[in-house]
Amino acid sequence: MDGDDVGLDGPLVLAGSLGDRAVPGLEPSPLAPSDGVDPEATVVLAQLRWLLQDAAEQVRLQAQAEGLSSAGHPLALGAELAACEAANLMAQPPVDDYGPEYVPAGALDTLTAAEFLTRSLPIDAFPAGMSGLVVRICDLLTEATALRITDQAGRFGRQP
């Protein structure tokens, strides 16, 4: 079916077509971005996406260097998923590339900056679903902190 489907008697029309009427029981998802989102919230979400993507890349590179048994692989995946979640919360991507003004050096600092950025606006300025993203970022920050402490104790990754 390529969009130009025709029946024997002309264009294919589904029996009982609803036309422009809404389908009962099908309502917008509560996680879908709303049209009335604060423009500042869109910029913050774009910056969050950027920071989370950067943290994922930093952790992924370190985990790849340490090998398949590295405990960093799940953290990198979690940061990547959080970045996708931030992108999905944006009603539309901003026109400009809104990277942060200050780029932290390490993944832990990057996740800390992302968590701090979530507090820049009240939660009701963001679209529905933002509180879930905040919780995910806090979980990632906790996991990254635990990995860093374990790494300093010499039990994470390759031994020197």
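By convention here, each chain's residues receive numbers from 1 onward along its written sequence. Restriction of local features to residues with pLDDT of at least 70 applies here, the model being predicted, together with a cutoff of 80 or more for giving and counting side-chain atom pairs; totals for whole chains, interfaces and linings are based on all residues. Computation of side-chain values: all heavy atoms of the structure, hydrogens and water removed.

Quick one: what's the story with the overall build of the protein chain, residue by residue and with numbers?
Only DSSP runs of H or I covering at least 4 residues are called helices, and only runs of E covering at least 2 are called strands; the numbering of each starts at the N terminus. Across its full length, the protein chain holds four helices and two strands. The buried label applies to any residue whose accessible area, calculated with a 1.4 Å probe on protein chains only, is under 20% of its type's maximum; exposed applies above 50%, and partly exposed to all values in between. The buried share of the protein chain, reckoned over its 160 residues, is 32%. Here the contacts in the protein chain between residues at least 6 apart in sequence split such that 81% fall between residues at least 24 apart. Per-residue and other accessible areas follow the Shrake-Rupley method at a 1.4 Å probe size, with only the shown protein chains counted as cover for residues. Carbon and sulfur atoms provide 57% of the accessible area of the protein chain, an area that totals close to 10400 Å². Whether two residues touch is decided by their heavy atoms; if any such pair falls within 4.5 Å, the residues are in contact.

Kindly report on the confidence of the model for the protein chain, identifying the contributing residues and their values.
For every residue, the predictor reports its confidence as pLDDT, a number between 0 and 100. With 63% of its residues at a pLDDT of at least 70, the protein chain reaches an overall mean of 76. Here strand β1 (residues 6-7) stands out as the least confident element of the protein chain, with mean pLDDT 46; helix α2 (residues 72-89) is the most confident, with 94. A low-confidence stretch, residues 3-34 stays under pLDDT 50, and its non-local contacts, those more than four residues away or across chains, total 18 contacts. Below a pLDDT of 50 lies the segment residues 155-160, which in the model reaches 13 contacts outside its immediate sequence neighbourhood of four places, other chains included.

Quick one: what's the story with the packing of helix α1 (residues 39-66) against α2, residue by residue and with numbers?
Here an angle of 0 to 180 degrees is reported between the N-to-C directions of two axes, which are lines fitted to C-alpha atoms, with helices fitted over the stretch in contact. Between α1 and α2, the least distance of the axes is 8 Å, while the angle of their chain directions is 160 degrees. Considering the angle they form, α1 stands roughly antiparallel to α2. Crossing angle aside, the handedness with which α1 passes α2 is left-handed. When α1 is examined against α2, the residues Leu 45, Leu 48, Arg 49, Leu 52, Gln 53, Ala 56, Val 59, Arg 60, Ala 63 and Gln 64 are found in contact with a partner set consisting of Gly 72, His 73, Leu 75, Ala 76, Ala 79, Glu 80, Ala 82, Ala 83, Ala 86, Ala 87 and Leu 89. Residues are sorted three ways: Asp, Glu, Lys and Arg are charged, Ala, Val, Leu, Ile, Met, Phe, Trp, Tyr, Cys and Pro are nonpolar, and all the rest, Gly among them, are polar. Of the residues assigned to the contact of α1 with α2, the class counts are 14 nonpolar, four polar and three charged. Any angle that falls under 35 degrees is termed roughly parallel, while one over 145 is termed roughly antiparallel, one within 65 to 115 roughly perpendicular, and all others oblique. Crossing handedness follows the turn of the near helix against the far one: under a right angle anticlockwise gives a left-handed crossing, and clockwise gives a right-handed one.

Go over the nonpolar core with me, naming the residues and quoting the values.
Generally speaking, a soluble globular protein has its nonpolar side chains buried in company with each other. To form a nonpolar core, buried Ala, Val, Leu, Ile, Met, Phe, Trp, Tyr and Cys residues must be joined to one another through side-chain atoms within 4.5 Å. By size, the foremost hydrophobic cluster in this structure holds 34 residues, and its most contacted members are Leu 45, Leu 48, Leu 52, Met 130 and Leu 133. Of all the secondary structure elements, the ones that give two or more residues to this core are α1, α2, α3 (107-118) and α4 (130-152). In terms of residue count, the dominant contributor to this core is α1 (ten residues). Excluding residues within four positions of it along the chain, Leu 133 makes contact with Leu 45, Leu 48, Leu 52, Ala 82, Glu 85, Ala 86 and Leu 89.

Can you break down the environment of Gly 106 residue by residue, with the values?
Secondary-structure assignment places Gly 106 in the loop between α2 and α3. A sequence separation of 47 residues divides Gly 106 from Val 59, and the C-alpha atoms of the two residues are 8.8 Å apart.

I'd like a description of the packing of α1 against α3, backed by residues and values.
One can describe the packing of α1 onto α3 by two numbers: an axis separation of 9 Å at closest approach and a directional angle of 165 degrees. Relative to α3, the element α1 lies roughly antiparallel. Regarding α1 and α3, the two cross each other, and that crossing is left-handed. Contacts between α1 and α3 pair Val 44, Gln 47, Leu 48, Leu 51, Leu 52, Asp 54, Ala 55, Gln 58 and Val 59 from the former with Ala 107, Thr 110, Leu 111, Ala 113, Ala 114, Leu 117 and Thr 118 from the latter. Class assignment of the residues belonging to the contact of α1 with α3 gives a composition of eleven nonpolar, four polar and one charged.

Go over the pattern of salt bridges, please, and point to the residues and values.
Salt-bridge detection follows one rule: a side-chain nitrogen of Lys or Arg within 4 Å of a carboxyl oxygen of Asp or Glu. Enumeration over the complete set of coordinates arrives at four salt bridges. Salt-bridge contacts for Arg 60 lead to Glu 57; the nearest nitrogen and oxygen are separated by 2.9 Å. With Arg 60 and Glu 57 both in helix α1 and three residues apart, this pair spans about one turn of that helix. Overall, the relative accessible area of 24% leaves Arg 60 in the partly exposed class. Two residues, Glu 80 and Arg 60, come together in a salt bridge whose shortest N-O distance is 3.1 Å.

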